[in-house]
Amino acid sequence: MSESNEPISHFIRNRVDADQDQGTYGGKVTTRFPPEPNGYLHFGHAKSIFLNFGLARDYNGICHLRFDDTNPVKEEQAYVDAIREDIDWLGFRDPAHEHFASDYFETLYQGAVSLVKAGLAYVDSQSADEMRANRGTLKEPGTNSPYRERSIEENLDLFTRMRAGEFPDGEHILRAKIDMASPNLNMRDPAIYRIRHAHHHRTGDDWPIYPMYDYAHCVSDAIEGVTHSLCTLEFEDHRPLYDWFIAKLADLGFFERPLPQQIEFSRLNLTYMPLSKRKLIQLVEGGHVDGWDDPRMPTLKGARRRGFTPAGFKLFTDRIGVSKSDSLIDFGVLEDCMRETLNESAERRIGVLDPLKLVLVNFPEDHEETCYAPNHPQKPDWGKREVKLTRELWIERGDFALDPPKKYFRLKPDGEVRLRYGFIIKHVGHDVDEDGQVTCVYAEYDPDTKSGTPGADARKVKGNIHWLSARDAVETEIRQYDRLFNVPAPGARREGDEPDVERDFLDDINPDSIHTLTAYIEAGAANAEPESIYQFERHGYFVADQKEHAPGQRPVFNRAVTLRDSWGQGK
């Protein structure tokens, strides 16, 4: 595996290094990961997690996990628990540095009061439609609210009564007084607090008003002593507002300088895989997938159930790097990273996914041979395991052909192959059904050719096939997953589309994104614990399903990735 322990260089690390050299923050590096507890984390969050937590770790600093719980209508404790589990799985969560924006509700409120007292905020009583109409456009300045020049005393009175819950939702809103003519729309008197009579999952009914994200986020950063606030590029135009809020509150004595600095980086964009929360909700609520942890979903819950690993995500984030330029990463890059890390970590087992019966006609019925298979061919210290060979075996249907093509080195009429880890066998017959489908193959084995015994390699054959004892193999449900969408950019316009008709991304769903097979695997793998991952030789990497696999019951395995990229090749 090409993964290195050396930190990956990028522009954010260079910025941190410069601050370290200049002593900007006294040698401290403090970052934060601020998810909203209103959904499940996806692959893009994994990139942010490795960046924020990894950067803090590399500089012996702190990364705060801060739940941005300022919108009680959409937030639930279940999402908080799910986010914690995902970050634990990736190996980063530290309960000592876990916070909630709601921890700071009183401080946030007092900060807003101070802005009102300083004449930097006012209560606006326009309707939402009026505010929208007066905001202006990118080419035209906004119009001052008729309530913008309310006295400080009136604003304080109204804001205090908003806090007391005297007004219904939408009657008033607290806004910063900045510049309605600013070319940056985010600076045109943005909202700070809105009235929302909603039950909060942590504070209950204590608060009838809630801070807006642009205010709560930067102030929470300053409260926690964040030095480098890393966010994606869509927040670049919000940076002047971020700086304005914390600078004004620092001037009012709320915070000491130096203040946090916001740094933007490009978000993760993957082919075949939309990472929009809105679109993911559509997939789940429309029944196009089997929930948020469906292995085809780009959520960390789905990835874990599919058999993707933290090591694979780490290699992926290192490989794609961190930049300020948006780019579209091929989903195959992520699969390659999973393949590369799983090759290192997964023990080998045998699985026959398309079983065909093979009978060794000269093998005694009551006899068995013990063969030895390495747990990992590149790691001899992992040892070997016993695989029993009996008279009746399962082989792959594709390993026998009545009319083989050229350079076909598996079993064929009158042909010879080696049973991997076992003996050389020769075809002597077969049965077919009325449709011409082969139902059973008969062969003779050469008892003097057992792998690993002296002289066994004297006879050379080109073919080598895997097998399982029909007596010992365990019937298993295998789920093979492919990309959820047929095209790299689901929903994007294509040649031939009507010019004024927007394409629905759901129209690009791949109807063959999952295939369920009845297969046979080694008993040792069948009895493994959920989330155990193996390479089934010649087939790929498979994980015991997190929810439906249980020792002693019919096994269920999900394919994480194939041994090589076969997308679009009909394999």
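Note that this is a predicted model, so its numbers are computed, not measured.

1. What about the overall build of the chain?
Along the chain, the regular secondary structure elements total 13 helices and 25 strands. The C-alpha atoms of the chain give a radius of gyration of 31 Å, which is well past the 25 Å a tight globule of 571 residues would have. Its C-alpha atoms put the chain at 100 × 55 × 40 Å along the principal axes. When the 571 residues of the chain are sorted by exposure, 53% land in the buried category.

2. Points about helix α7 (residues 213-223)
Extensive coverage of α7 is indicated by the burial of 8 of its 11 residues. Every buried residue of α7 is accounted for by Tyr215, Ala216, His217, Cys218, Val219, Ser220, Asp221 and Ala222. Gly225 sits one or two residues past α7 and shows a positive phi near 70°.

3. Digging into empty space enclosed by the protein
Left-over empty space is what a probe sized like a water molecule reveals as it rolls over the atoms. With the rule as written, the count across this model stands at 3 cavities of 30 Å³ or more. Taken together, Arg32, Tyr213, Asp214, His217, Cys218, Cys231, Phe235, His238, Tyr242 and Gln262 make up the full set of residues lining the second largest cavity. Examining the composition of the lining of the second largest cavity, we find that 4 residues originate from one element, α7, more than from any other.

4. Overview of the pairing of strand β16 (residues 416-419)
In terms of strand pairing, β16 meets strand β17 (residues 424-432) through 3 bridges, oriented antiparallel. By the bridge assignment for β17, Glu416 is matched with Lys426. Between β16 and β17, which pair antiparallel in sequence order, lie 4 residues; one of them, Tyr421, sits at a positive phi of approximately 70°. Judged from the 2 bridges that link them, β16 and strand β19 (residues 464-465) form a sheet pairing that is parallel. Pairing of Leu419 across the sheet is with Ile465, part of β19.

5. Some details on the sheet that holds strand β7 (residues 209-211)
Strand order in this open sheet of 4 strands is β4-β5-β6-β7, and the pairing throughout is antiparallel. Looking along the sheet, the strands with just one partner apiece sit at the ends: β4 (121-124) and β7. Mean inter-strand twist for the sheet, computed between neighbouring axes without regard to direction, equals 20°. The sheet contact formed by strand β6 (residues 191-195) and β7 spans 3 bridges and is antiparallel. Residue Ile195 lies in a different strand from β7, and its bridge partner there is Ile209.

6. Focus: the sheet that holds strand β1 (residues 30-33)
Reading across from one edge, β1-β2-β3 is the order of the 3 strands in this open sheet, with parallel pairing throughout. Each edge of the open sheet is held by one strand with a lone partner, namely β1 and β3 (98-100). Strand-to-strand twist in this sheet, taken as the mean axis angle between neighbours without regard to direction, amounts to 35°. Judged from the 4 bridges that link them, β1 and strand β2 (residues 62-67) form a sheet pairing that is parallel. The partner of Arg32 across the bridge, within β2, is His64.

7. Quick notes on the nonpolar core
Nonpolar side chains tend toward joint burial in soluble globular proteins. Among the nonpolar cores identified, the biggest contains 39 residues, and Phe43, Ile87, Leu90, Leu270, Phe308, Phe313 and Leu334 are the most heavily contacted of them. At the level of secondary structure, the elements contributing two or more residues to this core comprise α2 (43-58), β2, α3 (77-90), α10 (300-306), α11 (310-320), α12 (331-345) and β25 (556-562). With 6 residues, the single largest contributor to this core is α2. With sequence-adjacent residues up to four places away left out, Leu334 is seen in contact with Phe43, Leu270, Phe308, Phe313 and Phe316. Tyr109, Phe167, Met187 and Ile246 belong to the second-largest nonpolar core, a separate cluster that totals 38 residues.

About the criteria used
- Residues numbered from 1 in each chain as written.
- Predicted model: local features only at pLDDT ≥ 70, side-chain atom pairs only at ≥ 80, totals over all residues.
- Heavy atoms only, no water.
- Helix = DSSP H or I, 4+ residues; strand = E, 2+ residues; numbered from the N terminus.
- Rg over C-alpha atoms; globule rule 2.2 N^0.38 Å.
- Buried < 20%, exposed > 50% of the residue type's maximum accessible area, 1.4 Å probe, protein only.
- 1 Å grid on protein atoms, 1.4 Å probe; cavity = no way out; pocket = protein on both sides within 12 Å on 5 of 7 lines; lining within 4 Å.
- Points joined across faces, edges and corners; volume = space filled by probe spheres on them.
- Pairing = 2+ DSSP bridges.
- Axes fitted to C-alpha atoms, helices over the stretch in contact; angles between N-to-C directions.
- Core = buried A, V, L, I, M, F, W, Y, C linked by side-chain atoms within 4.5 Å.
- Contact = heavy atoms within 4.5 Å.

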